[in-house]
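Structural description and commentary
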Amino acid sequence: MAKYNILMVEDDENIQELVAYNLRKAGWMVDAVGNGEEGLEMALKQTPDIILLDLMLPGMDGLEVCRRIKAKNPEIPIIMLTAKGEETDIIVGLEMGADDYIVKPFSPKVLIARVKAVLRRGEMVEEIDSGKIIVRGELSIHPQKHQVMINDKKIDLTDTEYRLIRYLSERPGWVFTRNQIIDTVRGEDAVVTDRAVDVQIVGLRKKLGSAGALIETVRGVGYRFREDS
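First things first, this report covers the structure right here in the doc. Predicted model only: the values in this text are computed from it and were never measured.

Some remarks on the overall build of the protein
- The helix and strand inventory of the protein stands at 8 helices and 12 strands.
- For the protein, the proportion of its 229 residues judged to be buried stands at 47%.
- Of the contacts formed within the protein by residues at least 6 apart in sequence, a portion of 57% connects residues at least 24 apart.
- Carbon and sulfur atoms make up 49% of the accessible area of the protein, which amounts to about 11,700 Å² in all.

Concerning a negative patch on the surface
- A grouping of Asp11, Asp12, Glu13 and Glu17 is seen on the molecular surface, where their side chains present a negatively charged patch.
- Checked against the element boundaries, Asp11 lands in the loop between strand 1 (5-9) and helix 1 (13-25).
- On the basis of relative accessible area, Asp11 is assigned to the partly exposed category, the value being 35%.

Things to note about the side chain of Ser169
- Along the chain, Ser169 falls in helix 6 (residues 159-170).
- With a relative accessible area of 0%, Ser169 lands in the buried category.
- Within polar-contact distance, the side chain of Ser169 engages the backbone oxygen of Ile165 at 2.8 Å.
- The contact partners of Ser169, leaving out residues within four places of it in the chain, are Ile134, Arg136, Ile141 and Phe225.

Regarding the sheet that holds strand 9 (residues 153-155)
- Reading across from one edge, 6-7-8-9 is the order of the 4 strands in this open sheet, with antiparallel pairing throughout. Edge positions in the open sheet fall to strand 6 (134-136) and strand 9, since each of these has one partner strand only. In this sheet, adjacent strand axes meet at a mean angle of 25° when their direction is disregarded.
- Judged from the 3 bridges that link them, strand 8 (residues 147-150) and strand 9 form a sheet pairing that is antiparallel. For Val148, the partnering residue across the bridge sits in strand 9 and is Ile155.
- Contacting strand 6, strand 7 (139-142) and strand 8, helix 6 crosses the sheet at an angle of about 110° to strand 7.

Side note on the packing of aromatic side chains
- Taken as a whole and judged by the stated rule, the model has 2 aromatic pairs.
- Ring centres 4.5 Å apart and planes at 40° place the aromatic pair Tyr167 and Phe176 in the tilted group. Judged on exposure class, the residue Tyr167 and its partner Phe176 are both buried.
- The interplanar angle of 45° and the centroid separation of 6.2 Å between the aromatic rings of Trp174 and Phe176 together place this pair among those described as tilted.
- Residue classification places Phe176 among the buried residues on the basis of a relative accessible area of 5%.
- One aromatic cluster is present, formed by Tyr167, Trp174 and Phe176 through successive ring pairs.

Considerations on the sheet that holds strand 5 (residues 100-103)
- Sheet architecture is open: 5 strands sit in the order 2-1-3-4-5, paired in parallel fashion. The open sheet has two edge strands with one neighbour each: strand 2 (29-33) and strand 5. Going from strand to strand, the sheet's axes swing by 20° on average, the running direction of each strand aside.
- Pairing of strand 4 (residues 78-82) with strand 5, which is carried by 4 bridges, proceeds in the parallel orientation. Following the sheet pairing, Thr82 is matched in strand 5 by Val103.

Cut-off values and rules
- Residues numbered from 1 in each chain as written.
- Predicted model: local features only at pLDDT ≥ 70, side-chain atom pairs only at ≥ 80, totals over all residues.
- Heavy atoms only, no water.
- Helix = DSSP H or I, 4+ residues; strand = E, 2+ residues; numbered from the N terminus.
- Buried < 20%, exposed > 50% of the residue type's maximum accessible area, 1.4 Å probe, protein only.
- Contact = heavy atoms within 4.5 Å.
- Areas by Shrake-Rupley, 256 points an atom, 1.4 Å probe, with all protein chains shown as cover.
- Patch = residues over 30% accessible without salt bridge, like charges linked within 9 Å, V, L, I, M, F, W, Y side chains within 5 Å.
- Salt bridge = Lys/Arg side-chain N within 4 Å of Asp/Glu carboxyl O.
- Lys, Arg positive; Asp, Glu negative; His and termini not counted.
- Charge placed at Lys NZ, Arg CZ, Asp CG, Glu CD.
- Polar contact = N/O pair within 3.5 Å; in protein donor to acceptor, adjacent residues only side chain to side chain.
- Pairing = 2+ DSSP bridges.
- Axes fitted to C-alpha atoms, helices over the stretch in contact; angles between N-to-C directions.
- Phe/Tyr/Trp six-rings, centres within 6.5 Å; stacked < 30°, edge-to-face > 60°.

Below, the structure is given as structure tokens:
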């Protein structure tokens, strides 16, 4: 297993010790701090491979830390650790740029699995950026050809539909809000409202046939591409 560097920003010493112990046991290197200001400083100075960030912190809260880190270095993945499970809190965190979230209390096994998943996604993105073909089950996306295939049959998509399926498939398992999708996939036939995103998804699923099930609805939040594809 690669020696990834993990930064944990958590003010509860008991949780900090428990999480750090399990992360180190999994083979990763861990730095832990107890407030947002220290977390921000260390994140920008050391550029960790992933950050575990509590939302309820003394001084600068986790959302502000997340926003500032992503503004300076959007490539650093952030998993929010939060006791808040309401949809609005999750949406705000994702809108700030967080890559995933875990609601407390959580088991160490779940935490390790989610960290591994986010790290794998980063490796996938590196491959995608190199121009390689994206293969997800029966679906294949050819970035250099701007083309989508299902079982070697070309699917006729609009520019926005192509941008949408590529955006979701590049990061399977990641949940994207409608606003994130709007900001990323607008093309000549631009998606401009939440409702328009839903309409585009319906149309895209229809064109993809059975492969349309790869696009999952996350109720109250947005959409994701199925991770086990």
